[in-house]
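Here is what each chain is made of, one letter per residue.
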Amino acid sequence: MAEFVSSISLAVAIAALYETGTLVPGALALEKDSEFVCAAIMELATLAAIPLALRMFSIRAVKAALAKGGASSLMKFGTARILLLAVPMVANALLYYLFMATTFGYMAIILLLCMPFVFPSLGRCNYEVSQKAQEK
């Protein structure tokens, strides 16, 4: 839960710092070559992270590890699942304000909209562990 809340808080803090004028937005706005490279990398990272994070617990190796490891495996894979969405989200939020390119902002919003689908509630955690144990 800490990773979930802190990643969203960090993205909001970045937005608040730039929107209030504490940090100067558009510091790299004239670096078009760097913007292109960063956009290409972040688009690929975003496109790869979303389906992987949403379908992670359906992967055969992850199912086996959850059935065998229980709560400790669930914590490890749950953290990985959240970070798959959180890291690109925070990076896209920061890159949006550095380059002032809407592409990064849209990708950050898309990743933010995916975050509730991996929300680590107690009921979901219990369901994931019991479901994977039954499938074994």
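A closer look at the overall build of the protein
Part 1 of the argument: Along its length, the protein carries 6 helices and 0 strands.
Part 2 of the argument: Element order for the protein, N to C, with α for helix and β for strand: α-α-α-α-α-α.
Part 3 of the argument: Based on the C-alpha atoms only, the size of the protein along its principal axes is roughly 55 × 25 × 20 Å.
Part 4 of the argument: Nonlocal contacts in the protein, meaning residues at least 24 apart in sequence, comprise 76% of its contacts between residues at least 6 apart.

A look at helix α1 (residues 2–19)
Part 1 of the argument: Between its first and last C-alpha, α1 extends 25 Å over 18 residues, near the 26 Å set by a 1.5 Å rise per residue.
Part 2 of the argument: Listing the buried residues of α1 in full gives Phe4, Ser7, Ala11, Ile14 and Tyr18. Buried residues in α1, looked at end-on, bunch into an arc of 105°, giving them a common side. Set apart from the buried face of α1 by more than 90 degrees, the exposed residues are Ala2 and Val12.
Part 3 of the argument: Residues of α1 that are buried make contact with α4 (71–99).
Part 4 of the argument: Just past α1, the residue glycine 21 takes up positive phi, approximately 90°.

Topic: the environment of leucine 52
Part 1 of the argument: In this structure, leucine 52 sits in helix α2 (residues 32–55).
Part 2 of the argument: Take leucine 52: its relative accessible area is 39%, and that puts it in the partly exposed class.
Part 3 of the argument: Through-space distance from the C-alpha of leucine 52 to that of leucine 84 is 7.9 Å; in sequence the pair is 32 residues apart.
Part 4 of the argument: Here leucine 52 is in contact with Ile59 and Leu84, once residues within four sequence places are set aside.

Here's the deal with the pattern of salt bridges
Part 1 of the argument: Counting across every chain of the model gives 1 salt bridge.
Part 2 of the argument: Close ionic contact of lysine 32 with glutamate 35 constitutes a salt bridge, the shortest N to O distance being 3.4 Å. Of this pair, lysine 32 and glutamate 35 are both found in helix α2, 3 residues apart, which corresponds to roughly one turn of the helix.
Part 3 of the argument: Among the residues examined, lysine 32 registers a relative accessible area of 53% and is labelled exposed.

Concerning unusual backbone geometry
Part 1 of the argument: Its identity as a non-glycine residue notwithstanding, methionine 100 has a phi of 55°, on the positive side.
Part 2 of the argument: Judged by its relative accessible area of 40%, methionine 100 is partly exposed.

Points about the side chain of threonine 46
Part 1 of the argument: If you trace the backbone, threonine 46 turns up in helix α2.
Part 2 of the argument: For threonine 46, the contacting residues outside a window of four places in its chain are Pro88, Asn92, Met107 and Leu111.

With respect to the side chain of serine 73
Part 1 of the argument: With respect to the secondary-structure elements, serine 73 resides in helix α4.
Part 2 of the argument: Using a relative accessible area of 10% as the deciding quantity, one classes serine 73 as buried.
Part 3 of the argument: Look past the residues within four positions of serine 73 in its chain and what remains in contact with it is Ala65 and Leu66.

What counts as what
Residues numbered from 1 in each chain as written. Predicted model: local features only at pLDDT ≥ 70, side-chain atom pairs only at ≥ 80, totals over all residues. Heavy atoms only, no water. Helix = DSSP H or I, 4+ residues; strand = E, 2+ residues; numbered from the N terminus. Contact = heavy atoms within 4.5 Å. Expected span 1.5 Å × (residues − 1). Buried < 20%, exposed > 50% of the residue type's maximum accessible area, 1.4 Å probe, protein only. Arc of directions from axis to C-beta. Salt bridge = Lys/Arg side-chain N within 4 Å of Asp/Glu carboxyl O.

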